[in-house]
Amino acid sequence: MASVSINKATKRYGNLVVLKGVSVDIEDGEFAVLIGPSGCGKSTLLRMIAGLEDITGGEIEIGDRVVNDLPPKDRDIAMVFQNYALYPHMTVEQNMGFSLKLQGISKAEIASKVDSAAQILGLEDLLDRQPRQLSGGQRQRVAMGRAIVRDPQLFLFDEPLSNLDAKLRVQMRAEIKELHQRLQTTTIYVTHDQVEAMTMADKIVVMRDGVIEQIGAPLDLYDRPLNTFVASFIGSPS
Ligand code: ADP
Ligand code: MG
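So, here is what we can say about the structure in this document. (Residues numbered from 1 in each chain as written. Chains lettered and ligands numbered in written order. Predicted model: local features only at pLDDT ≥ 70, side-chain atom pairs only at ≥ 80, totals over all residues.)

Looking at the site of ligand 1
Logical step 1: Close to ligand 1 lie Tyr-13, Leu-16, Val-18, Gly-36, Ser-38, Gly-39, Cys-40, Gly-41, Lys-42, Ser-43 and Thr-44, which account for all nearby residues.
Logical step 2: Those elements that place two or more of their residues in the shell around ligand 1 are strand 2 (16-26) and helix 1 (42-50).
Logical step 3: Of the residues forming the shell around ligand 1, the biggest block, three residues, is contributed by helix 1.
Logical step 4: Looking at the shell around ligand 1, its residues break down into four nonpolar, six polar and one charged. (Near = placed C-beta within 6 Å. Helix = DSSP H or I, 4+ residues; strand = E, 2+ residues; numbered from the N terminus. Nonpolar A, V, L, I, M, F, W, Y, C, P; charged D, E, K, R; others polar.)

Below, the structure is given as structure tokens:
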């Protein structure tokens, strides 16, 4: 586990300033949700934390290391995306073990890590299947399995449930929270869904147009929004 500290982070693409200096601290073991309208810079910030985008200005610290110049593979992070991008020709077991194989970890150790992740996620009976033989929810669990086996110090989720139907979304929300309660891994979860944010977050970070409007526990934001944007955004169901 690790705390994350973002200090006046900026991001610019040419003349377009996408992040205008955002600062937020996320505690060890916390489940933080980044929420805001489409295009406000959530994915960009998450990708900068992962090291998939350069940071234009400011600082990102994970644990007690400034990671600005650290490549993604050295950040000890696992990311789960909306389009799970499973390898179609590999089984569930191979999908889950692939990153470990790349790291040169022994077959026996990979098998044991994949087994324990499969148990946590209820995938024990599906290890030999290929992605096309799975339901949407099962695929999402495999994507989470790939993240879990790496035992990272930080989980990053980018709208992982937005491709699922409403019923499954509610179920997966609960599963992700359970997973967090079990592993206690620091998590940053991006969504534009207010209900998701209110039900899952320890801390909500509300963004608009490249700035952070407010940071607080769900009920704080609900009871004491700092401005009408936060009030209307948090108050309106998706
Ligand atoms: P969100 O995830 O909140 O919907 P993004 O972080 O994806 O928002 O995008 C924020 C802004 O940055 C948008 O205006 C988007 O068009 C722009 N943007 C994102 N990636 C790039 C890129 N590679 N080049 C230029 N502009 C980009
Ligand atoms: Mg996005």
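So, unusual backbone geometry
Logical step 1: The phi dihedral of Lys-8 is positive, around 50 degrees, even though this residue is not glycine.
Logical step 2: Looking at where Lys-8 falls in the secondary structure, it is placed in strand 1 (residues 4-13).

Examining the packing of helix 2 (residues 92-102) against helix 4 (residues 136-148)
Logical step 1: Running from N to C, helix 2 and helix 4 cross one another at 30 degrees; their axes reach a closest spacing of 7 Å. With respect to their mutual orientation, helix 2 and helix 4 come out roughly parallel. Both helix 2 and helix 4 take part in a crossing whose hand is right-handed. Contacts between helix 2 and helix 4 involve Val-92, Asn-95, Met-96 and Ser-99 from the first element and Val-142, Gly-145 and Arg-146 from the second.
Logical step 2: Classifying every residue of the contact of helix 2 with helix 4 gives three nonpolar, three polar and one charged. (Axes fitted to C-alpha atoms, helices over the stretch in contact; angles between N-to-C directions. Parallel < 35°, antiparallel > 145°, perpendicular 65-115°, else oblique. Left-handed = near helix turned anticlockwise from the far one by under 90°. Contact = placed C-beta atoms within 7 Å.)

Some words on the sheet that holds strand 6 (residues 77-80)
Logical step 1: Taken together, six strands build an open sheet; the order of strands is 6-7-8-3-9-10 and the sheet is mixed. Each edge of the sheet is formed by a strand with only one pairing partner; in this case those strands are strand 6 and strand 10 (211-216). Between one strand axis and the next, the sheet turns through 15 degrees on average, direction left out of account.
Logical step 2: Relative to strand 10, strand 9 (residues 203-208) runs antiparallel, the two being bridged by five bridges. Residue pairing across strands places Arg-208 opposite Val-211, the latter belonging to strand 10. (Pairing = 2+ DSSP bridges.)

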